[in-house]
Amino acid sequence: MEQAEIGLIGLGVMGANLALNIAEKGNRIAVFNRTTEKTDEFYAEAGALAERIIPCHTMEEFVAAIRPPRPVIIMIKAGEPVDQQIDALRDQLADNDIIIDAGNANFRDTIRRFEGLKDSGLTFIGMGVSGGEEGARHGPSIMVGGTPESYARVEKVLTSIAAKFDGEPCVAWLGNDGAGHFVKTIHNGIEYADMQMIAEIYGILRDGGHLGSKEIGAVFGEWNKGRLNSYLIEITEKVLNADDPLGDGPMVEMILDKAGQKGTGKWSVIEAQQMGVPATAIEAAVAARVLSSMKDQREKAEAAFGAKSSKVAVDDALKNDLELALFAAKIAAYAQGFAVMAEASSEFSWNLPMPTIAKIWRAGCIIRSQFLDEITSAFTADPDVSNLIMTPAFSQMVKESLPALRRVVALAVTNGLPVPALASALTYFDAYTQSRGTANLIQAQRDFFGAHGFERLDGKASSHGPWGDWKLS
Ligand code: 6PG
């Protein structure tokens, strides 16, 4: 029998969809699942694609079914199970075979696994895959980290299954070891910020404007035709328009306001903090999810402090402002995400290609949008720019949209409507564009209580302040 081009372990929702995508694009694939019934079920339901699928019940069968050097995708729950699977594969695979972790792994685990396999003859790829179920089945965005040689072995298959933007495949090798999973983590951090900022605008329209879900859906639908055109805005309209199949109101109004999270957003913030890169909009989004989950406390606090009531007039001018405000805040989140990646690139010696990252996010992934094409152009023209907002195109966009963000945040704040991510984006711009900040006072305080010293503006030798006498009193 003709050998498979690639193997896949783990036929959960994502794994099964990815396997079908691989087969559909003309590649032979061997599949294995710990529970063999799942493998049989998957094979039975594969229809015409079954002819390119080799279902395997044992690891020996599975390994023998793949053309060496064997690329083996593992698509299982992140964490400990991945280490166990790698251990199980170690004994079965041969020199130059490639284990590919396609789950949402922490890139630090990916680096550890990559290092751990270094002397084994095997090699490791950490592969970020974005696009959810639909993306896995019909075309995800794929972020690869590992050796260039191992990527060369899988490039053809990955290119065939990736989403396409104007015919260009949304897959790329981004750097060594953890580069792919790191970029996927930052993708998710930006995803959190995008979603949170959309939810804040929804909050202004719902709680300030007292609009119904469908009316708000129509506003997002309108925006999806303009500068905000993106997958997340598109699904926001759809979600707001859906009716509850078990009741007679909109679905969204029946959903408990506690947001879940699996860790990638938090990791992006931890890494940003660790590297000393301000990613305030992403931080605010992660914190907002945490706060959302504290439903019991929020209920008690509302009872203690009283429910707020606000009345905001929703006219065309406000809608226009909200659209522009969301756009400005989105720029801040992306600028921050790319700044975190730039820092990580030098810290981990990855040499991350910023224009390529923007390029492969243009289709397939959750944050896909027209806007990413503009980021691609901006970084292509100036790949080493210190911050996205300093590129000519984006500084122009910020100048045009910032006044609206300021008005919207002011309106929300005066009406008691929480907008943590929008406000963080606004103050990020304000702080980043202020040449003389207020840290001179902080330096003086640090010196006062801890004799930390400070630099002087006039270039005279670093010194301490004249606080000695007051300290004694
Ligand atoms: C994607 C998504 C996907 C998933 C994340 C985030 O790019 O396809 O980011 O990976 O949605 O796990 O999930 P949480 O919101 O549960 O953290």
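Residues numbered from 1 in each chain as written. Predicted model: local features only at pLDDT ≥ 70, side-chain atom pairs only at ≥ 80, totals over all residues. Heavy atoms only, no water.

Participant: Describe the packing of helix α8 (residues 179-208) against helix α12 (residues 280-293), listing the residues and the values that go with them.
Facilitator: Across the interface, α8 lies against α12 with an axial gap of 8 Å and an inter-helix angle of 70 degrees. The angle between the axes of α8 and α12 places the two elements in the roughly perpendicular class. Mapping the contact onto sequence places G189, I190, Y192, A193, M195 and Q196 in α8 and A281, I282, A285, V286, A288 and R289 in α12. When its residues are assigned to classes, the contact of α8 with α12 shows nine nonpolar, two polar and one charged. (Axes fitted to C-alpha atoms, helices over the stretch in contact; angles between N-to-C directions. Helix = DSSP H or I, 4+ residues; strand = E, 2+ residues; numbered from the N terminus. Parallel < 35°, antiparallel > 145°, perpendicular 65-115°, else oblique. Contact = heavy atoms within 4.5 Å. Nonpolar A, V, L, I, M, F, W, Y, C, P; charged D, E, K, R; others polar.)

Participant: Lay out the nonpolar core with the relevant residues and their values.
Facilitator: Core analysis: the biggest nonpolar cluster contains 94 residues, and F220, Y334, F338, M341, W361, I375 and L405 have the highest contact counts within it. When residues of this core are sorted by domain, at least three fall in each of domain 1 (6-177) and domain 2 (185-432). Excluding anything up to four places from it in sequence, I375 contacts Y334, F338, A358, L388 and F394. I6, A136, V157 and A162 belong to the second-largest nonpolar core, a separate cluster that totals 34 residues. (Core = buried A, V, L, I, M, F, W, Y, C linked by side-chain atoms within 4.5 Å. Buried < 20%, exposed > 50% of the residue type's maximum accessible area, 1.4 Å probe, protein only. Domains from an automatic or database assignment.)

Participant: Break down the sheet that holds strand β4 (residues 71-74) for me, citing the residues and quoting the values.
Facilitator: Strand pairing within a sheet occurs via backbone hydrogen bonds; the two strands may be parallel or antiparallel. Strand order in the open sheet formed by eight strands is β3-β2-β1-β4-β5-β6-β7-β10, with mixed pairing between adjacent strands. The open sheet has two edge strands with one neighbour each: β3 (53-56) and β10 (171-175). Geometrically, the sheet is characterised by an average inter-axis angle of 25 degrees between neighbouring strands, direction not taken into account. As paired strands, strand β1 (residues 6-9) and β4 are joined by three bridges and run parallel to one another. Along β4, the bridge assignment pairs L8 with I73. Against the sheet, helix α2 (residues 36-44) engages β2 (29-32) and β3, with an angle of about 160 degrees to β3. Across the sheet, α8 lies against β5 (98-101), β6 (123-130), β7 (141-145) and β10, angled at about 20 degrees from β6, the strand it touches most. (Pairing = 2+ DSSP bridges.)

Participant: Let's hear about unusual backbone geometry: which residues, and what values?
Facilitator: Following P68, the chain continues into P69 via a peptide bond in cis, with omega recorded as -10 degrees. Along the chain, P69 turns up in the loop between α3 (59-64) and β4. One non-glycine residue, N96, lies in the positive phi region at around 75 degrees. Residue placement: N96 occurs in the loop between α4 (80-90) and β5. Since its relative accessible area comes to 54%, N96 is described here as exposed. Within the chain, N351 stands out as a residue other than glycine whose phi angle is a positive 55 degrees. Residue placement: N351 occurs in the loop between α14 (316-347) and α15 (354-360).

Participant: I'd like a description of the packing of aromatic side chains, backed by residues and values.
Facilitator: This structure, assessed with the given rule, holds 16 aromatic pairs. Consider the rings of F32 and F62, whose centres lie 6.1 Å apart with planes at 45 degrees: the pair is tilted. Taken together, the positions of F32 in strand β2 and F62 in helix α3 put the pair 30 residues apart, joining distant regions of the chain. Classification of F62 by relative accessible area gives buried; the value is 0%. Note on F182 and W350: the rings are 5.4 Å apart at their centroids and 45 degrees apart in plane angle, and the pair reads as tilted. Remark: W350 occurs in the loop between α14 and α15 and F182 occurs in helix α8; sequence separation between them is 168 residues. (Phe/Tyr/Trp six-rings, centres within 6.5 Å; stacked < 30°, edge-to-face > 60°.)

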